[in-house]
Amino acid sequence: MHPYKFLLFDVDDTLLDFGETEKLALRLLFKKQNIQLTSEIENYYRKMNKKMWRNFEKGDITRDELLFTRFSKLFKAFGKTVDGIAMEKNYRHFLGEAHPLVPGARRALEKLKRHFDLYVVTNGVADTQRKRLADAALTPFFRAIFVSEDTGYHKPDQCFFEYVARHIPNFTSEHALIIGDSPISDMYGGNRAGMDTCWFNPNHLNNPLDLKPTYEIDDLKQLSTIVLKSE
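Residues numbered from 1 in each chain as written. Predicted model: local features only at pLDDT ≥ 70, side-chain atom pairs only at ≥ 80, totals over all residues. Heavy atoms only, no water.

Asker: Any details on the overall build of the protein? Residues and values, ideally.
Answerer: Assigned secondary structure in the protein consists of ten helices and six strands. For 231 residues, the compact-globule estimate of 2.2 N^0.38 gives 17 Å, and the C-alpha radius of gyration of the protein, at 18 Å, lies within 12% of that figure. The dimensions of the protein, computed from C-alpha atoms along their principal axes, are 55 × 35 × 30 Å. The burial tally for the protein puts 47% of its 231 residues in the buried class. Look at the contacts in the protein between residues 6 or more apart in sequence, and 63% of them connect residues 24 or more apart. (Helix = DSSP H or I, 4+ residues; strand = E, 2+ residues; numbered from the N terminus. Rg over C-alpha atoms; globule rule 2.2 N^0.38 Å. Buried < 20%, exposed > 50% of the residue type's maximum accessible area, 1.4 Å probe, protein only. Contact = heavy atoms within 4.5 Å.)

Asker: Give a detailed account of the side chain of Ser 182, specifying residues and quantitative values.
Answerer: For Ser 182, the location among the structural elements is in the loop between β4 (176-180) and α9 (183-192). For Ser 182, a relative accessible area of 14% translates into the label buried.

Asker: Describe the packing of helix α2 (residues 39-57) against helix α3 (residues 63-77), with residues and values.
Answerer: Put simply, α2 and α3 touch, their axes get as near as 10 Å, and they point 155° apart. It follows from the interaxial angle that α2 and α3 lie roughly antiparallel. In the packing of α2 onto α3, the handedness of the crossing is right-handed. Each of Ile 41, Tyr 44, Tyr 45, Met 48, Asn 49, Met 52, Trp 53 and Phe 56 in α2 lies in contact with α3, whose residues at this interface are Arg 63, Glu 65, Leu 66, Leu 67, Thr 69, Arg 70, Phe 71, Lys 73, Leu 74 and Ala 77. Residue composition of the contact of α2 with α3, grouped by class: twelve nonpolar, two polar and four charged. (Axes fitted to C-alpha atoms, helices over the stretch in contact; angles between N-to-C directions. Parallel < 35°, antiparallel > 145°, perpendicular 65-115°, else oblique. Left-handed = near helix turned anticlockwise from the far one by under 90°. Nonpolar A, V, L, I, M, F, W, Y, C, P; charged D, E, K, R; others polar.)

Asker: So what's going on with the sheet that holds β4? Which residues, and what values?
Answerer: If you trace the six strands from one edge of the open sheet to the other, you get β3-β2-β1-β4-β5-β6, paired in parallel fashion. What marks the edges here is a single partner per strand, and that holds for β3 (144-147) and β6 (215-217). Across this sheet, the average inter-strand angle for adjacent strands is 20°, counted without regard to direction. Where strand β5 (residues 196-200) and β6 come together, three bridges link them in parallel fashion. Among the inter-strand pairings, Cys 198 is bridged to a residue of β6, identified as Tyr 215. Across the face of the sheet, helix α6 (residues 126-135) comes into contact with β2 (117-122) and β3 while running at roughly 145° to β3. Of the strands in this sheet, β1 (6-9), β2, β3 and β4 touch helix α8 (residues 158-167), which is tilted by about 160° from β3. (Pairing = 2+ DSSP bridges.)

Asker: Go over helix α10 (residues 221-229) with me, naming the residues and quoting the values.
Answerer: Buried residues of α10: Leu 223, Ser 224, Ile 226 and Val 227, and no others. Projection of α10 onto a plane perpendicular to its axis shows the buried side chains occupying an angular sector of 165°, all on one side. Projecting away from the buried face of α10 at angles above 90 degrees are the exposed residues Lys 221 and Lys 229. Where α10 is buried, its residues touch β1, α5 (105-112), β4, β5 and β6. (Arc of directions from axis to C-beta.)

Asker: Just give me the short version of the nonpolar core, but keep the residues and values in it.
Answerer: In terms of nonpolar packing, the biggest core is built from 32 residues, with Leu 7, Phe 9, Leu 138, Phe 142, Leu 177, Leu 223 and Val 227 touching the most fellow members. If one sorts the elements of this core by residue count, α5 sits on top with four residues. Contact partners of Leu 7, with chain neighbours within four places excluded, come to Leu 112, Phe 116, Asp 117, Leu 118, Tyr 119, Leu 177, Ile 179 and Val 227. In this structure, Met 52, Phe 56, Phe 71 and Met 87 belong to the second largest nonpolar core, which totals 21 residues. (Core = buried A, V, L, I, M, F, W, Y, C linked by side-chain atoms within 4.5 Å.)

Asker: Go over the pairing of β3, please, and point to the residues and values.
Answerer: In this structure, β2 lies alongside β3, joined through four bridges in parallel fashion. Its bridge partner being in β3, Tyr 119 is matched across the sheet by Ala 144. Since β2 and β3 lie parallel, the crossover through α6 that links them has a hand, and here it is right-handed. (Right-handed = clockwise from strand over helix to strand, strands pointing away.)

Asker: Account for the pattern of salt bridges, with residues named and values stated.
Answerer: According to the stated counting rule, one finds 15 salt bridges in the structure shown. Of the charged contacts, one joins Glu 88 and Arg 70 as a salt bridge, the two residues approaching to 2.9 Å between their closest N and O atoms. Of this pair, Glu 88 sits in helix α4 (residues 84-96) while Arg 70 sits in helix α3; the two residues are 18 residues apart in sequence, bridging distant segments of the chain. Here Glu 88 and Arg 70 have matching classes, each one buried. A salt bridge links Asp 117 to Arg 143, with the nearest nitrogen and oxygen atoms 2.8 Å apart. One end of the pair, Asp 117, is in strand β2; the other, Arg 143, is in the loop between α6 and β3, and 26 residues separate them in sequence. Several salt bridges share partner residues, and in doing so they unite Lys 5, Asp 117 and Arg 143 into one network. (Salt bridge = Lys/Arg side-chain N within 4 Å of Asp/Glu carboxyl O.)

Structure follows, in structure tokens:
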């Protein structure tokens, strides 16, 4: 086992609870539109949005196609026509206002920062991700925050990880560990970049890939036990 120096964290559903964030943002968005957010509409959106993000990660659709059409597609499915770009803008605003933490996230970062160089590696809209991290008072834990929109590439694209490697002083992949909830973006992407991987899997989901992560945890407090052993 290599001693780690660099810990690279995903954000959504790794440090920040995106499920709760999304729920609040959707509720506020529909309230602004004077439309009732039913459980049927919410469930439809979650499934559709998850599929679109997977297609984005695979390179099948562009970022703009994902962001600017998902709400027009959602409302079309329920017989309504809306301005998808305007809806996305409002949703993005509400999304940036919420930043509930994953249980144990702050305590884990406080402990790990004393021993390692911590970085954020996340897909998403840069302003939104940075605002949420700042509002959650997590920004000071990290030496740098890498967001796909800023780098020009998105995980699991190897160009994203190459960009990160170039911008971290004295970075070596064999001394880096990526921690995230996505088997594709984080585990597959990190593995191809030559890094060890830690799959944060609190809901005990089945691994959809043949690739096995270096570690699998269901509680962030388990992370310090893993990485401190490697010192």
